[in-house]
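Here's the letter readout for the chains.
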Amino acid sequence: KQEVTQIPAALSVPEGENLVLNCSFTDSAIYNLQWFRQDPGKGLTSLLLIQSSQREQTSGRLNASLDKSSGRSTLYIAASQPGDSATYLCAVRGTGTASKLTFGTGTRLQVTL
Amino acid sequence: SAVISQKPSRDICQRGTSLTIQCQVDSQVTMMFWYRQQPGQSLTLIATANQGSEATYESGFVIDKFPISRPNLTFSTLTVSNLSPEDSSIYLCSARQGGNEQYFGPGTRLTVT
C-alpha cells in the first residue's frame, strides 16, 4: 500500500526566502506525482504535474523534482511571498490510468512580512 | 484544464437528515471522484463515480451511507445520508481526463448539528 509523507509538517519563513518542501513515497511504481496548494477552507489548486518519466517541472517561481527510484519529490519555491502562505500537498498516482491519487499529509507554509 | 463547480458551498444540517452535493465539470471527463477532508486532515478518497454504472467505493465507505450518481460525463452527485456529527467535513469533487492532471472543485463544507 502506497504511503506518502511530507516533511516538514509546518514551516514559517520570512518573505523573500527560498524554500524546499519534501515529499516521500514508499512504492516507486508510480504513474505521476502532483503538487497541490490548498488555502484554508478551500479546494485544491494544481501546481505541477510530473510524469514518472520526467525529472522536473517548472512553473514560474515553482520547481518540482522527482527521483522515482528513491521515492522522493521536492517542491522548490523561489523568492517566497506572503501570498504563498497555504498548505501544500503532494499526491502520487500508481501505474495504470484508472488508479487513484494517494495524498501526503501536507506542509503548512506561512510566509511572514 | 477542467473547471469544477460544486453546490452547495456549505451547509449546516441536522442529525439524521441527508445532504446531496452536486458537482459540475465544464468539459467531458473520463474519471470523477469524491473525497472527504476531515478537520486538520489530508484527503481521503470516498469513491470513484462511474458513468452509467455503480460507483466504486473505497474501504470503509458504503453505498447506503454515500450514494453517488453520475448520469453523464460532466455531472455527479454525492449524498451523505443519515448524518451524524462525525460527518462534518469538507467534501471535494475531483475530475481527471485519462492519464492527465487531476482537478478539484472548491469543496462543500458540511456541519452537522
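Residues numbered from 1 in each chain as written. Chains lettered and ligands numbered in written order. Predicted model: local features only at pLDDT ≥ 70, side-chain atom pairs only at ≥ 80, totals over all residues. Heavy atoms only, no water.

Enquirer: Could you clarify how one ought to interpret the nonpolar core in this entry?
Expert: Membership of the largest hydrophobic core comes to 27 residues, with the highest contact counts inside it found for Met32, Trp34, Ile46, Phe66, Ile68, Leu78 and Tyr91 of chain B. Sort the elements by how many residues they give to this core and strand 3 (residues 19-25) of chain B lands first, with four residues. Ranked by size, the runner-up nonpolar core spans 23 residues in total, among them Val4, Leu62, Tyr88 and Leu109 of chain A. (Core = buried A, V, L, I, M, F, W, Y, C linked by side-chain atoms within 4.5 Å. Buried < 20%, exposed > 50% of the residue type's maximum accessible area, 1.4 Å probe, protein only. Helix = DSSP H or I, 4+ residues; strand = E, 2+ residues; numbered from the N terminus.)

Enquirer: Just to check I follow, could you spell out the interface of chain A and chain B for this structure?
Expert: Often, the extent of an interface is quoted as the loss of accessible area upon association of its parts. The interface of chain A with chain B comprises 22 residues on the first partner and 19 residues on the second. Interface area for chain A against chain B, summed over the two sides, is near 1,500 Å², with a carbon-plus-sulfur share of 51%. If you sort the residues of chain A by the area they bury against chain B, Leu44, Lys100 and Phe103 of chain A come out on top, with a joint share of 28%. Counting the contacts that link chain A with chain B gives one salt bridge. The partner of glutamate 58 of chain B in a salt bridge is lysine 100 of chain A, and the shortest N-O contact between them spans 2.6 Å. Connecting chain A to chain B are seven residue pairs in polar contact (both at pLDDT 80 or more). When contributions to the side of chain A that touches chain B are tallied by element, the ones reaching two or more residues are strand 4 (30-38), strand 5 (44-51), strand 9 (86-94) and strand 10 (101-103) of chain A. A per-element tally of the side of chain A that touches chain B places strand 4 of chain A first, with five residues. Among the residues making up the side of chain A that touches chain B, the classes are represented as eight nonpolar, 11 polar and three charged. (Contact = heavy atoms within 4.5 Å. Buried area = accessible area lost by both parts, 1.4 Å probe. Salt bridge = Lys/Arg side-chain N within 4 Å of Asp/Glu carboxyl O. Polar contact = N/O pair within 3.5 Å; in protein donor to acceptor, adjacent residues only side chain to side chain. Nonpolar A, V, L, I, M, F, W, Y, C, P; charged D, E, K, R; others polar.)

Enquirer: Whenever I open this one, the packing of aromatic side chains confuses me. Can you help?
Expert: Within a pair of aromatic rings, the relevant descriptors are the distance that separates the centres and the angle that separates the planes. All told, the structure shown has seven aromatic pairs over all chains when counted by the stated rule. Ring geometry for phenylalanine 103 of chain A versus phenylalanine 104 of chain B: centroids 5.9 Å apart, planes at 75°, classification edge-to-face. Here the residue phenylalanine 103 of chain A occupies a position in strand 10, and phenylalanine 104 of chain B occupies one in strand 10 (residues 102-104), the pair thus bridging two chains. Of the two residues, phenylalanine 103 of chain A and phenylalanine 104 of chain B, neither departs from the other in class, the shared state being buried. Measuring from centroid to centroid gives 5.5 Å for phenylalanine 61 of chain B and phenylalanine 66 of chain B, while their planes differ by 65°, and the two rings are edge-to-face. (Phe/Tyr/Trp six-rings, centres within 6.5 Å; stacked < 30°, edge-to-face > 60°.)

Enquirer: So what exactly am I meant to see when it comes to the sheet that holds strand 8 (residues 75-80) of chain B here?
Expert: Through backbone hydrogen bonds, the strands of a sheet pair up, either in parallel or in antiparallel fashion. Residue and element names in this part refer to chain B. Sheet architecture is open: four strands sit in the order 1-3-8-7, paired in antiparallel fashion. Bordering the open sheet on either side are strand 1 (4-7) and strand 7 (68-69), each of which pairs with just one other strand. Bridge analysis of strand 1 against strand 3 gives four bridges, and the strand direction is antiparallel. Looking across to strand 3, one finds that serine 5 is bridged to glutamine 24. (Pairing = 2+ DSSP bridges.)

Enquirer: Would you explain the sheet that holds strand 6 (residues 56-59) of chain A in this entry?
Expert: Residue and element names in this part refer to chain A. Read from one edge of the open sheet, five strands run 1-3-8-7-6, paired in antiparallel fashion. Each edge of the open sheet is held by one strand with a lone partner, namely strand 1 (4-7) and strand 6. Between one strand and the next, the sheet's axes are offset by a mean angle of 15°, whatever the strand orientation. Here strand 3 (residues 19-25) pairs with strand 8 (residues 72-77) via six bridges, running antiparallel. Note that in strand 8 the partner of leucine 21 across the bridge is leucine 75. (Axes fitted to C-alpha atoms, helices over the stretch in contact; angles between N-to-C directions.)

Enquirer: Help me out: how do you make sense of the pairing of strand 4 of chain A in this one?
Expert: Every other side chain in a regular strand lies on the same face of the sheet, so the side chains alternate between the two faces. All names here are of chain A. Of all nine residues in strand 4, eight are buried; the element is thus mostly enclosed. Sheet topology note: the strand 4/strand 5 ladder contains seven bridges and is antiparallel. Bridged to glutamine 34 within strand 5 is leucine 49. What sits between strand 4 and strand 5 in their antiparallel hairpin is a turn of five residues, with glycine 41 showing a positive phi close to 70°.

Enquirer: Even after reading the chapter, I still don't get the side chain of serine 46 of chain A, so can you show me in this structure?
Expert: Residue position: serine 46 of chain A is located in strand 5. A polar side-chain atom of serine 46 of chain A sits 2.9 Å from a polar atom in the side chain of glutamine 34 of chain A. At 2.4 Å, the side chain of serine 46 of chain A and the side chain of glutamate 101 of chain B are in polar contact. Ignoring sequence-local partners within four residues, the contact set of serine 46 of chain A consists of Gln34, Trp35 and Phe36 of chain A together with Glu101 and Gln102 of chain B.

No statement about biological role is implied by the geometric values presented.
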